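Geometric and topological summary
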Amino acid sequence: MIDPREKERLFEKAIAKNNHWLGVIARNNAPIDDWEDLEQEILIAFWKSLDSYGERSSLETFFFSVAKNTVKKFIDKNNKTKKRDEAVDPNPVFVEQDPDVLSILEEFAGMLGELDRQVFKMYLDCLSYAEMSAALGVDEVNLRKRISRIKEQFKARYRG
Amino acid sequence: MELEELKALYQQAKAAHPRKDPHAIMLETKRKAEERERDFKRQQRTQILCGLFCLVCMATWYRREGPLLANAGLILMFLCLAAMLAGSIILKYRLRESHPWLPEEEFLAEQRKKIAARIALLRRNVRWFFIPSMLGFLAWQAGLSHSAQMVAALVVAAGLASAGTFWFYRWKLRTDLLPILEDIDRELESFRNKSK
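Residues numbered from 1 in each chain as written. Chains lettered and ligands numbered in written order. Predicted model: local features only at pLDDT ≥ 70, side-chain atom pairs only at ≥ 80, totals over all residues.

With that settled, consider the overall build of chain B. A count of helical and extended segments in chain B gives five helices and zero strands. Relative to its full complement of 196 residues, chain B shows a buried share of 14%. A sequence separation of at least 24 residues applies to 78% of the contacts in chain B between residues at least 6 apart. (Helix = DSSP H or I, 4+ residues; strand = E, 2+ residues; numbered from the N terminus. Buried ≥ 20, exposed ≤ 12 C-beta atoms within 10 Å, placed from the backbone. Contact = placed C-beta atoms within 7 Å.)

Structure representation (C-alpha cells):
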C-alpha cells in the first residue's frame, strides 16, 4: 500500500502531464453526453489503482494502461445499456432539433471508420501531426491524406 | 459548414469548459472515490442487515414442539436464504478487486471471470437455493395442517414466485450478463487471432 501523500503526489504528477490526453481519450471514446462520465471513471480507476503502483512501469504507461482498460469497461457497459434500450423500444420517436456543433460532430464522426474517427477528433483537438502519429502509430504522410479525405467527405455532406 | 468552421466552434465549446488544475482534480477524484466507497459499504450494510432481519424472523417462527415436516421445511428455507445471502455478499467483495493496469488481454480475462462468476451465482441461487427454499416453504406450511384450499393457494403462490424468479434470472442473463460476455469473448478471440 502506497503512502497517502505519495499517492496524491503521483496522481497530481500524472494528471499534470496527461490532463490534455485525458480529455482526448474521453472525447474519442464516448458520446458527447458521456465525456465527463468517462473522464471521471478514468480518474477514479487511476486513483484506486495507484495503491498498487509498484514502479514496475513508468507512471505514464501505468496511467495509459488504466485509461485504456477503463475505456474498454465503459464501452462494454454502454453497449449493454444501448442494447437494453433498443430491446425496450425498437422504434424510438426522434424529435427534430436544430443541429448544433456537437451533434454535427458526433453524426459525422459516426459515419467514419474507427481510425478516421480518432484522427478526426484529434484534428479537432488541434493535435499536431507528430502527436497524432505517436498516439495512433500511423505515419504523418498517411495522416495528412486521411485528414484531407475527411475534409472532402465533410464538405460533400454539410456544404450548402 | 466548412470543417475549419466546425473546428473553431468546437474549440469554443471546449473553452467554455476549461480544464481544472491537477490539484483540484485530485481533490475532486479523492472525494468521489471516498463517496463511492461509502455508498458501497452502506449498500452492503443494508443488504446484510435486511438479510439478517429475514433470517431472525424465520428463526422466531421455529417451534421445537412443532410438527416435524414444518420444522424441516423452515430449516431448509432458512439454510437456503442464508446461503444465498452469503454467496452474494462474498461475490460482491470479490468482484470489487479490479486491476485496470494489467495488459489489455489479461484485464479482459479478469472481466470475463467476474461476469462468469456472476452468472454462476445467479444460476446457483435459482437452481439450488431458491427452488428448494420454495419447497421448504410448502413443507413448512403443509406441516402446519392448513385446509386443503389454503394449501392449494400456497402451492400456486410458490409456483408463481418460482416462475417469476426464473423469468427474472433468464431476463438478467439475456439483457445484462450474456451480451457483455459475448463482447469480451469476441475481443479475446481477436487477440488470439492477432497473436497467431
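Further remarks concern the overall build of chain A. Each helix and strand in chain A was counted, giving seven helices and zero strands. Seen in sequence order, chain A has helices and strands lined up from the N terminus as α-α-α-α-α-α-α. Taking all 160 residues of chain A together, 26% fall into the buried category. In chain A, once contacts between residues fewer than 6 apart in sequence are set aside, the share between residues at least 24 apart is 62%.

Listed as interface residues are 27 residues of chain B and, on the opposing side, 36 residues of chain A. Looking at the side of chain B that touches chain A, the element that brings in the most residues is helix α2 (residues 22-61) of chain B, giving nine residues. Residues of the side of chain B that touches chain A, tallied by class, amount to 15 nonpolar, four polar and eight charged. (Nonpolar A, V, L, I, M, F, W, Y, C, P; charged D, E, K, R; others polar.)

It is worth spelling out helix α2 (residues 35-49) of chain A at this point. Here α2(A) is 15 residues long and its end C-alpha atoms lie 21 Å apart, about the 21 Å a rise of 1.5 Å per residue gives. Looking at α2(A), one finds that the buried residues are A:Leu38, A:Glu39, A:Glu41, A:Ile42, A:Leu43, A:Ala45, A:Phe46, A:Trp47 and A:Ser49. (Expected span 1.5 Å × (residues − 1).)

The next point concerns the nonpolar core. Of all hydrophobic cores here, the largest spans 31 residues; its most connected members are A:Phe11, A:Ile25, A:Ile42, A:Phe46 and A:Val66. Broken down by secondary-structure element, the contributors of at least two residues to this core are α1 (4-29), α2, α3 (59-88) and α5 (114-124) of chain A together with α2 of chain B. In terms of residue count, the dominant contributor to this core is α1(A) (eight residues). Each of domain 1 (4-88) and domain 2 (101-158) of chain A contributes no fewer than three residues to this core. Residues contacting A:Val66, with those up to four places away along its chain left out, are A:Ile42, A:Ala45, A:Phe46, A:Ser49, B:Pro100 and B:Trp101. (Core = buried A, V, L, I, M, F, W, Y, C linked by C-beta atoms within 7 Å. Domains from an automatic or database assignment.)

Looking now at unusual backbone geometry. At A:Cys126, a position not held by glycine, the phi torsion is positive, near 60 degrees. Of note, A:Cys126 is situated in the loop between α5 and α6 (129-136).

On to the packing of α5(A) against helix α7 (residues 140-158) of chain A, then. All names here are of chain A. Following both chains from N to C, one finds α5 and α7 inclined at 85 degrees, their axes separated by 10 Å at the closest point. Classified by the angle between their axes, α5 and α7 sit roughly perpendicular to one another. Counted together, Asp116, Val119, Phe120 and Tyr123 of α5 and Leu143, Arg146, Ile147 and Ile150 of α7 form the full contact between these two elements. (Axes fitted to C-alpha atoms, helices over the stretch in contact; angles between N-to-C directions. Parallel < 35°, antiparallel > 145°, perpendicular 65-115°, else oblique.)

Another aspect to go through is the packing of helix α4 (residues 104-143) of chain B against helix α5 (residues 148-195) of chain B. Helices that pack against each other are described as a pair by the angle of their axes relative to one another and the distance between those axes. Residues and elements named next belong to chain B. It is the contact of α4 with α5, at a shortest axis distance of 10 Å, that shows an interaxial angle of 170 degrees. Judged by the inter-axis angle, α4 sits roughly antiparallel to α5. When the residues that make up the contact of α4 with α5 are grouped by side-chain class, the tally is 26 nonpolar, four polar and five charged.

Bringing the confidence of the model for chain A into the picture now. Looking at chain A as a whole, the pLDDT averages 80, with 83% of positions reaching at least 70. Every residue in residues 88-99 of chain A scores below 50 in pLDDT, and together they form one contact with partners more than four places removed in sequence or on other chains. (pLDDT = per-residue confidence, 0-100.)

A few words on α1(A). For α1(A), built from 26 residues, the straight-helix expectation of 38 Å at 1.5 Å per residue is missed by more than 12%, its first-to-last C-alpha distance being only 31 Å. The largest bend in α1(A) comes to about 70 degrees, at A:Asn18. (Bend = angle between axes of the 7 residues up to and from the residue.)

This next bit is on the confidence of the model for chain B. In this model, chain B carries an average pLDDT of 87, and 97% of its residues clear a pLDDT of 70 or more. In the predicted complex, the global pTM is 0.69; the interface-specific ipTM is 0.71.

Time to look at the environment of A:Gly54. All names here are of chain A. Along the chain, the position of glycine 54 falls in the loop between α2 and α3. According to the C-beta neighbour criterion, glycine 54 is exposed, with 9 such atoms within 10 Å. Taking the C-alpha atoms as reference, glycine 54 lies 9.1 Å from methionine 1; in sequence the two are 53 residues apart.

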